[in-house]
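A structural walkthrough
Next come the chains, spelled out residue by residue.
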Protein chains: 2
Amino acid sequence: MGNRVGKHTLKFEKRIEIAGFAAVTGKKEGEGRLKFDRSAPDGLFGEKTWEKAESAMQREALDRAIEKSGLPEQEVRTVCAGDLTGQCIASAFGIRGRSMEYLGLYGACSTMAEGLILAAMMVEAGFADTTAAVTSSHFCSAERQYRYPLEYGGQRTPTSQWTVTGSGAVILRKGGTDGEPVRTLHITRAAVGEITDYGIRDVNNMGAAMAPAAYRTIRGLLEDTKTAPADYDLIVTGDLGNVGGAIFTDMFGEDGVRLSNYDDCGKMIFDSARQDTHAGGSGCGCSASVLCGYLLNEMQRGKWKRIIFAATGALMSPVSAGQGESIPGVCHAVVIERGE
Amino acid sequence: MGNRVGKHTLKFEKRIEIAGFAAVTGKKEGEGRLKFDRSAPDGLFGEKTWEKAESAMQREALDRAIEKSGLPEQEVRTVCAGDLTGQCIASAFGIRGRSMEYLGLYGACSTMAEGLILAAMMVEAGFADTTAAVTSSHFCSAERQYRYPLEYGGQRTPTSQWTVTGSGAVILRKGGTDGEPVRTLHITRAAVGEITDYGIRDVNNMGAAMAPAAYRTIRGLLEDTKTAPADYDLIVTGDLGNVGGAIFTDMFGEDGVRLSNYDDCGKMIFDSARQDTHAGGSGCGCSASVLCGYLLNEMQRGKWKRIIFAATGALMSPVSAGQGESIPGVCHAVVIERGE
């Protein structure tokens with residue numbers, strides 16, 4: 001079946017290069033364990049509402065990624081974007097005003113990986129030479145939508161995660177273009193996940209709801225490509241946090257597989273004990289800003305040669321939770337490699 | 001740039017065949033101007049909430065499309081799905097339980113075209129032989145989310161549209177597979193739209209907000225492919241309704257272009273005068289059910305040989321409207337042809 005390896009894995013025949021990337025976050029994220037292109041001094045980004053602030057943050061991340069790519073903005077033909085707000089308004093108003101084809105996505109916190117896969121697919125299919133993937137989340141727009149009014153100051157359970165105020169953007173470019181240098185980072189494989197629901201109903205434990213989806217997608221990718229975890233310098237999920245991350249490693253443990261080189265964006269971004277973020281970070285912007293602020297930078301510096309970036313999403317809403325539904329998870333994975 | 005024609009138009013090199021399609025709607029839609037695979041006797045589809053009903057309707061449309069394709073369900077590798085509910089729960093819970101890779105989309109009422117384009121791209125890129133696109137809307141889940149509680153019985157303005165309770169599903173299949181007949185309907189071209197915002201703020205006039213996006217995408221497609229409206233047997237937007245449709249034809253009129261073969265899914269589905277639907281139908285399920293219940297059937301019967309199906313979306317939410325924002329529109333277009 002063409003460019004498919006095994007049952008689940010997509011193989012890119014073209015060289016899909018990462019031409020630029022950037023992460024922009026709020027203040028708390030900048031005070032955590034990682035550094036980003038910019039961490040704003042407050043969460044409003046010069047706007048009057050949290051939703052408009054999220055759009056502004058997304059605009060800035062995309063602007064910075066384009067600038068760092070060295071490509072003119074008009075080269076970017078298509079942008080794949082999505083976020084957590086109802087009807088994805090952070091993305092629609094974030095992208096509005098640009099001359100880019102708009103593919104709106106909803107993958108919950110898996111959106112960065114979904115966007116990368118679709119942006120890469122546009123290039124693979126020969127439909128564009130340059131595409132972009134961008135996503136965001138904002139603690140305040142998410143909190144008041146999913147949980148309580150911010151002023152209420154609701155207590156959080158130990159398994160709850162802290163929605164990251166952050167946005168990440170990646171510019172993809174077809175490699176081998178005349179007159180351009182070879183960019184070292186590129187996307188080689190990917191896997192689109194299936195919806196996986198183990199019946200978790202606790203909306204304060206998204207990690208547990210998403211862990212089985214992460215296990216399923218990554219196990220499929222490893223089987224298809226006949227690789228072991230040790231063949232990757234890093235396998236990173238985003239964002240299972242402490243609780244979901246432990247379930248995820250347990251599931252591989254039951255298969256007799258030890259994940260020695262595993263980490264999770266939700267665990268990496270905050271210093272949870274110091275910053276009171278309980279089980280870790282979450283939100284589309286969590287894995288996106290860790291990818292674009294930390295992982296890709298470190299790959300460029302030579303720390304890792306090949307990683308699996310597997311973003312996880314919980315496909316629920318306040319309405320579905322209120323109607324007693326469980327929380328379906330999904331996980332999309334992308335293999336990113338460094339090399340000529 | 002590979003398979004791109006002009007600036008905006010994607011050209012499929014492979015033969016992307018429509019292997020199956022089906023539309024399932026509510027009662028009112030079945031009493032309108034068109035007939036569908038099934039129009040349920042009530043809007044609940046055996047469920048207890050409108051949102052669960054919408055998921056059930058989506059499941060049924062996909063089941064019927066798969067059955068009509070004659071392909072085993074496990075052949076369908078990837079499904080592109082989206083809807084209007086916050087966090088797209090109608091789709092997530094509609095697809096849950098199937099062994100299909102899930103690409104969640106949010107394109108508002110443009111979702112059917114967006115899904116078709118991405119499902120076709122999966123085949124074009126060689127990532128799958130068989131994919132699906134499905135979307136839905138439900139009058140009751142939409143009304144209480146966007147407007148008022150249903151029990152309130154709010155008055156509607158003359159420019160308002162009636163959200164269709166309906167779902168459409170299409171199965172795409174790579175043509176030329178050994179042992180299979182040639183399927184006559186196939187997707188040959190497509191255009192992904194750019195976000196277009198003319199500053200319309202009236203949430204009861206979505207047609208006006210979306211018309212400029214439809215004009216922009218279709219004009220681009222015609223220019224790129226050096227075709228005139230008369231080169232198509234039908235150009236169909238979905239869902240501009242009476243008001244948006246008139247603006248759309250006016251915009252072409254200002255270019256000196258007469259659209260003699262133009263219609264709109266929002267105008268086609270209801271008998272507006274008799275059914276009190278004001279400016280026409282709307283919702284992701286409007287263009288999807290008109291496509292899958294009427295347009296594709298009539299193409300198969302020989303009524304039209306080549307059509308442009310251009311679904312339009314208003315990328316707003318109750319939150320963005322409440323914050324005084326205008327309504328950005330987007331329109332994605334697909335060229336569908338009949339022939340060996």
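To continue, consider the interface of chain B and chain A. It is common to give the size of an interface as the accessible area that goes away when the parts come together. Taken together, the contact between chain B and chain A spans 63 residues of the former and 63 residues of the latter. In this assembly, chain B packs against chain A so that about 5,300 Å² is buried in total across both faces, 61% of it on carbon and sulfur atoms. When the buried area of chain B at its contact with chain A is split by residue, Q87, F127 and I195 of chain B rank highest and sum to 16% of it. Linking chain B with chain A are 10 salt bridges, by the criterion used here. One salt bridge in this structure joins E101 of chain B and R4 of chain A, with 2.7 Å as the shortest N-O distance. Where chain B meets chain A, there are 29 residue pairs in polar contact (both at pLDDT 80 or more). Elements supplying a minimum of two residues to the side of chain B that touches chain A: β2 (9-25), α2 (50-69), α3 (89-95), β5 (101-105), α4 (111-124), α5 (139-146) and α11 (318-322) of chain B. Here the residues of the side of chain B that touches chain A are counted per class, giving 28 nonpolar, 18 polar and 17 charged.

The next point concerns the packing of aromatic side chains. Here the structure, examined in full by the defined rule, presents 14 aromatic pairs over all chains. With 5.8 Å between their ring centres and 80° between their planes, Y294 of chain A and W304 of chain A make a pair best called edge-to-face. Taken together, the residues Y294 of chain A in helix α10 (residues 284-301) and W304 of chain A in the loop between α10 and β13 (306-314) connect sequence positions 10 residues apart. Y294 of chain A sits in the buried class, given a relative accessible area of 18%. Between Y215 of chain B and F252 of chain B, the aromatic rings sit 5.0 Å apart at their centres with planes inclined by 75°, giving edge-to-face as the arrangement. Separated by 37 residues along the polypeptide, Y215 of chain B in helix α6 (residues 206-224) and F252 of chain B in helix α7 (residues 241-254) bring together distant segments of the chain. Residue Y215 of chain B is classed as buried on the basis of its relative accessible area, which comes to 8%. F252 of chain B sits in the buried class, given a relative accessible area of 2%. Taken together through their ring pairs, the aromatic side chains of Y215, F248, F252 and Y262 of chain A make up a single cluster. Its end group placed over the ring of W162 of chain B, K28 of chain B keeps NZ or CZ at 4.2 Å from the ring centre. Seen from the ring of Y232 of chain B, R306 of chain B lies directly overhead, with NZ or CZ sitting 4.6 Å from the centre.

Residue and element names in this part refer to chain B. In contact at an axis separation of 8 Å, α2 and α5 are set at 140° when each is read in the N-to-C sense. With respect to α5, the element α2 is oriented oblique. Crossing angle aside, the handedness with which α2 passes α5 is left-handed. In contact with W50, E51 and E54 of α2, α5 contributes C140, S141 and R144.

With that settled, consider the relation of the copies chain B and chain A. In screw terms, the move from chain B to chain A is a rotation of 180° and a rise of 0.0 Å along the axis, fitting with an RMSD of 0.0 Å. What the superposition gives is, in effect, a two-fold axis relating one chain to the other. A share of 100% of the interface residues of chain B reappears at the interface of chain A, consistent with the copies meeting face to face through the same patch.

A separate point is the confidence of the model for chain A. Within chain A, residue pLDDT values average 97, and 99% of them lie at 70 or more. Here the predicted complex carries an ipTM of 0.98, next to a pTM of 0.98.

Residues and elements named next belong to chain A. Relative to the helices and strands, S136 is located in strand β6 (residues 130-137). Assessed through its relative accessible area of 0%, S136 is described here as buried. Looking at S136, its side chain comes within polar contact range of the side chain of Q58, at 2.8 Å. Once you skip the residues sitting within four places of it in the chain, S136 turns out to touch E54, M57, Q58, G82, D83, L84, A90, G166, S167, C284 and G285.

Criteria and thresholds
Residues numbered from 1 in each chain as written. Chains lettered and ligands numbered in written order. Predicted model: local features only at pLDDT ≥ 70, side-chain atom pairs only at ≥ 80, totals over all residues. Heavy atoms only, no water. Contact = heavy atoms within 4.5 Å. Buried area = accessible area lost by both parts, 1.4 Å probe. Salt bridge = Lys/Arg side-chain N within 4 Å of Asp/Glu carboxyl O. Polar contact = N/O pair within 3.5 Å; in protein donor to acceptor, adjacent residues only side chain to side chain. Helix = DSSP H or I, 4+ residues; strand = E, 2+ residues; numbered from the N terminus. Nonpolar A, V, L, I, M, F, W, Y, C, P; charged D, E, K, R; others polar. Phe/Tyr/Trp six-rings, centres within 6.5 Å; stacked < 30°, edge-to-face > 60°. Buried < 20%, exposed > 50% of the residue type's maximum accessible area, 1.4 Å probe, protein only. Lys NZ or Arg CZ within 6 Å of the ring centre and 35° of its normal. Axes fitted to C-alpha atoms, helices over the stretch in contact; angles between N-to-C directions. Parallel < 35°, antiparallel > 145°, perpendicular 65-115°, else oblique. Left-handed = near helix turned anticlockwise from the far one by under 90°. Least-squares fit on C-alpha atoms with pLDDT ≥ 70 in both. pLDDT = per-residue confidence, 0-100.

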